[in-house]
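In case you want the letters, here they are:
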Amino acid sequence: SEMCIRDRPSIYPIIKPAELNTLINQGASNLRLLCCTFVLPNSGLTKTSVFEYQRIPKSTFFDVDQIADQSTDLPHMLPSEQEFNQHMQRLDISNQDKIVCYDDYGLWGSSRVWWTFKVFGHKNVHILNGGFPLWQKMNLPIDKSPYQERSHRNLPKEAYTFRKNSDLIKTFEQIQVESYKSKHNKNNEWQIVDVRAPERYKGLQPEPRPGLRSGHIPGSKNLFFNELQTADKEFKSVEEIQAILKNAGIDLNKNIISSCGSGVTSCILNAALEYIQFNNKVALYDGAWAEYGSKPEYKDEEIIKKINHCLLYTSPSPRDRQKSRMPSSA
């Protein structure tokens, strides 16, 4: 049945290897292929070890750790609009490009970079289903020559201007509020879904990053991201994904905040939601457990105090509203 899924036409945001190969052969000047490989700190792998000696032809490396907010100790937090635009100009990625993201090991980094471009208002961005492993398995062309940067198009500055939509990101304080509401069933429009492995969610397995406590955000649900993909690292079918979400107790009529270890694999859930044409809002808790698990456990009274002081959920100032003129649907 997997072959049948592979033979169906792609549904946004996914693109299949054969379709990407056709696009490459057509030679469109605005096609940008990004290798977005991401590895965990304790995996023993390095991000660029595959890319350096073999890659999909004409691809550029997108470094999730470098194109990030460098002013925080938290891993690969989304950069500011200005930082992002500087990186896009450096990499020659324009807001008119058709972007395809792939990962050397599957869907991790590619989903994170797909979401990053969504946050920065880019619509024409896709994830290569199955990543590089499936590309290899299908015997599609591979460039094994030493890596050379593409020649820079030097487009006008406006071409490298992206606008950040902060509605798609949740902060620690907002998570505290949503966690409290979920725990006490207080008119919660949002549900928090943690996509880490069940052992980590339950606090039975130590975190890969030192200095973090174990466990999960109170009131959050668990859906292991691995369940959303096949053995070939392709997204499962729309029907299967819908069933998996329901099985995990996720209400498809409520908005979803995804969370994980450091904001990467949660984007696999975000992509799966887009793929099944989920109609509600989706946001990412970018700090994820790397942030939440580094903080003390707050008592409900402290959170209520915060809510009552209106420190949270105040409506954005007109200046911030101006900043995010992007549509707020996820």
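Computed from a predicted structure; not experimentally measured.

### Overview of unusual backbone geometry
Although it is not a glycine, Lys-58 sits at a positive phi angle of roughly 70°. Checked against the element boundaries, Lys-58 lands in the loop between α3 (49-53) and β3 (59-61). Accessibility expressed as a relative area gives 55% for Lys-58, which makes it exposed. Residues other than glycine seldom take positive phi values, yet Gln-277 does so here, at roughly 60°. By the element assignment, Gln-277 lies in the loop between α10 (266-275) and β10 (282-285). Classification of Gln-277 as exposed rests on a relative accessible area of 58%.

### Focus on empty space enclosed by the protein
Take a probe with the size of a water molecule and roll it over the atoms, and the empty space left behind shows itself. Applying the stated criterion to the full structure yields 1 cavity of 30 Å³ or more. The computed volume of the largest cavity comes to approximately 50 Å³.

### Let's talk about the sheet that holds strand β2 (residues 31-35)
Ordered by their spatial adjacency, 5 strands build an open sheet running β1-β5-β4-β2-β3, and the pairing between neighbours is parallel. The strands lining the two open edges of the sheet, one partner per strand, are β1 (14-15) and β3. As paired elements, β2 and strand β4 (residues 98-102) share 5 bridges and run parallel to each other. From the neighbouring strand, Cys-35 faces β4, where its bridge partner is Tyr-102. Contacting β2, β4 and β5 (125-128), helix α5 (residues 108-119) crosses the sheet at an angle of about 175° to β5.

### Re the nonpolar core
For soluble globular proteins, nonpolar side chains are generally found buried alongside one another. Formed by 49 residues in total, the largest nonpolar core has its most connected members in Phe-62, Met-88, Trp-115, Phe-117, Phe-235 and Leu-269. Residue assignment for this core shows that the elements contributing at least two residues are α4 (81-91), β4, α5, β5, α9 (238-247), α10 and β10. Top element by residues in this core is α10. It accounts for 7 residues. Setting aside its immediate chain neighbours within four residues, Phe-62 contacts Leu-34, Cys-35, Cys-36, Ile-67, Phe-84, Met-88, Leu-91, Ile-93, Val-113 and Phe-117.

### Things to note about the packing of α9 against α10
Where α9 meets α10, the axes come as close as 10 Å, and the angle between the chain directions of the two elements is 120°. Considering the angle they form, α9 stands oblique to α10. You can see that α9 and α10 cross each other, and the crossing is left-handed. Across the interface between the two elements, Val-238, Ile-241 and Leu-245 from α9 touch Leu-269, Ala-272, Leu-273 and Tyr-275 from α10. Tallied by class, the residues present in the contact of α9 with α10 amount to 7 nonpolar, no polar and no charged.

### Considering the packing of aromatic side chains
Per the stated rule, a full pass over the model turns up 16 aromatic pairs. Ring geometry for Phe-84 versus Phe-162: centroids 5.4 Å apart, planes at 85°, classification edge-to-face. A residue pair is termed long-range when its members are at least 10 positions apart, and Phe-84 in helix α4 and Phe-162 in the loop between α6 (131-137) and β6 (169-170) qualify at 78 residues. Take Phe-84: its relative accessible area is 0%, and that puts it in the buried class. Centroid distance Phe-172 to Tyr-292: 5.5 Å. Interplanar angle 55°. Geometry classified as tilted. Taken together, the residues span a long stretch of sequence, with Phe-172 in helix α7 (residues 172-183) and Tyr-292 in helix α11 (residues 288-292) at a distance of 120 residues. Summarising the burial analysis for this pair, Phe-172 and Tyr-292 share the class buried.

### Comments concerning the sheet that holds β6
Where strands meet in a sheet, backbone hydrogen bonds hold them as pairs that are either parallel or antiparallel. With parallel pairing, 5 strands are arranged side by side in an open sheet as β6-β10-β9-β7-β8. Two strands close off the open sheet at either side, each with one partner strand: β6 and β8 (221-222). Of the strand pairs in this sheet, strand β9 (residues 255-259) and β10 are connected by 3 bridges, and their pairing is parallel. By the bridge assignment for β10, Ser-258 is matched with Leu-284. Across the face of the sheet, α7 comes into contact with β6, β7 (190-194), β9 and β10 while running at roughly 105° to β7.

Criteria and thresholds
- Residues numbered from 1 in each chain as written.
- Predicted model: local features only at pLDDT ≥ 70, side-chain atom pairs only at ≥ 80, totals over all residues.
- Heavy atoms only, no water.
- Helix = DSSP H or I, 4+ residues; strand = E, 2+ residues; numbered from the N terminus.
- Buried < 20%, exposed > 50% of the residue type's maximum accessible area, 1.4 Å probe, protein only.
- 1 Å grid on protein atoms, 1.4 Å probe; cavity = no way out; pocket = protein on both sides within 12 Å on 5 of 7 lines; lining within 4 Å.
- Points joined across faces, edges and corners; volume = space filled by probe spheres on them.
- Pairing = 2+ DSSP bridges.
- Contact = heavy atoms within 4.5 Å.
- Axes fitted to C-alpha atoms, helices over the stretch in contact; angles between N-to-C directions.
- Core = buried A, V, L, I, M, F, W, Y, C linked by side-chain atoms within 4.5 Å.
- Parallel < 35°, antiparallel > 145°, perpendicular 65-115°, else oblique.
- Left-handed = near helix turned anticlockwise from the far one by under 90°.
- Nonpolar A, V, L, I, M, F, W, Y, C, P; charged D, E, K, R; others polar.
- Phe/Tyr/Trp six-rings, centres within 6.5 Å; stacked < 30°, edge-to-face > 60°.

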